[in-house]
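# Observations on the model geometry
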Amino acid sequence: GLQQAVQLADAVANGDLTQTVAINSQDELGDLIKALNAMTANLNATAQIADSIAAGDLTVEPQRHSDKDKLGIALENMVAK
């Protein structure tokens, strides 16, 4: 389980957002994998918005995930400007 979590984190760090890990435990390791899978899904959604903007579609509405979401804020600023 921990090795799979590390492999997923490494894949995301290298820009590969195609992977997820099955959650097989209900402990802290399961919580970690759940958070990593959520992070990957959020980054995928953000990448799709960035692709739309790159294609010239400024009708997309980026949604930041929190007030500290630097990438989401940057995408909001791109569309606004």
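So, a few notes on the structure that sits alongside this text. Just so we're clear, the structure is a prediction, and the values are computed from it rather than from any experiment. (Residues numbered from 1 in each chain as written. Predicted model: local features only at pLDDT ≥ 70, side-chain atom pairs only at ≥ 80, totals over all residues. Heavy atoms only, no water.)

All chains considered together, the criterion is met by one salt bridge. Put simply, R64 and E76 hold a salt bridge, and the shortest N to O gap is 2.6 Å. Within this pair, whereas R64 is found in the loop between α2 (28-54) and α3 (70-80), its partner E76 is found in helix α3, the two being separated by 12 residues in sequence. For E76, a relative accessible area of 22% gives the class partly exposed. (Salt bridge = Lys/Arg side-chain N within 4 Å of Asp/Glu carboxyl O. Helix = DSSP H or I, 4+ residues; strand = E, 2+ residues; numbered from the N terminus. Buried < 20%, exposed > 50% of the residue type's maximum accessible area, 1.4 Å probe, protein only.)

Here we come to the packing of helix α1 (residues 2-13) against α2. The interhelical angle for the contact between α1 and α2, taken along N-to-C directions, is 20°, at an axis separation of 10 Å. Put simply, α1 runs roughly parallel to α2. Handedness of the crossing formed by α1 with α2: left-handed. Residues L2, A5, L8, A9 and V12 of α1 touch α2, and the partners they reach there are L29, L32, I33, L36, N37, M39, T40 and L43. (Axes fitted to C-alpha atoms, helices over the stretch in contact; angles between N-to-C directions. Parallel < 35°, antiparallel > 145°, perpendicular 65-115°, else oblique. Left-handed = near helix turned anticlockwise from the far one by under 90°. Contact = heavy atoms within 4.5 Å.)

Moving on, we come to the nonpolar core. Core analysis: the biggest nonpolar cluster contains seven residues, these being A5, L8, V12, L17, V21, I33 and L36. Of all the elements in the fold, those that place two or more residues in this core are α1 and α2. It is α1 that contributes the most residues to this core, three residues altogether. In this structure A5 touches L32, I33 and L36, once residues within four positions along its chain are discounted. (Core = buried A, V, L, I, M, F, W, Y, C linked by side-chain atoms within 4.5 Å.)

A contiguous nonpolar surface patch, about 260 Å² in accessible area, is contributed by L2, V6 and L32. Within the secondary structure, L32 is located in helix α2. A residue is classified by how much of its surface remains accessible, and L32, at 37% relative accessible area, is partly exposed. (Patch = residues over 30% accessible without salt bridge, like charges linked within 9 Å, V, L, I, M, F, W, Y side chains within 5 Å. Areas by Shrake-Rupley, 256 points an atom, 1.4 Å probe, with all protein chains shown as cover.)

This part is about the environment of V6. Following the sequence through the fold, V6 ends up in helix α1. Among the residues examined, V6 registers a relative accessible area of 43% and is labelled partly exposed. As a C-alpha pair, V6 and V21 span 15 residues in sequence and 10 Å in three-dimensional space.

A separate point is α1. Over its 12 residues, α1 runs 16 Å from end to end, which matches the ideal 16 Å to within 8%, given 1.5 Å per residue. Regarding α1, the residues found buried are A5, L8, A11 and V12. Projected down its long axis, α1 shows its buried positions confined to an angular sector of 125°, all on one face. Of the residues in α1, the exposed ones pointing more than 90 degrees away from the buried face are L2, Q3 and A13. Buried residues in α1 make contact with α2. Phi turns positive one or two residues past the end of α1, at G15, with a value near 90°. (Expected span 1.5 Å × (residues − 1). Arc of directions from axis to C-beta.)

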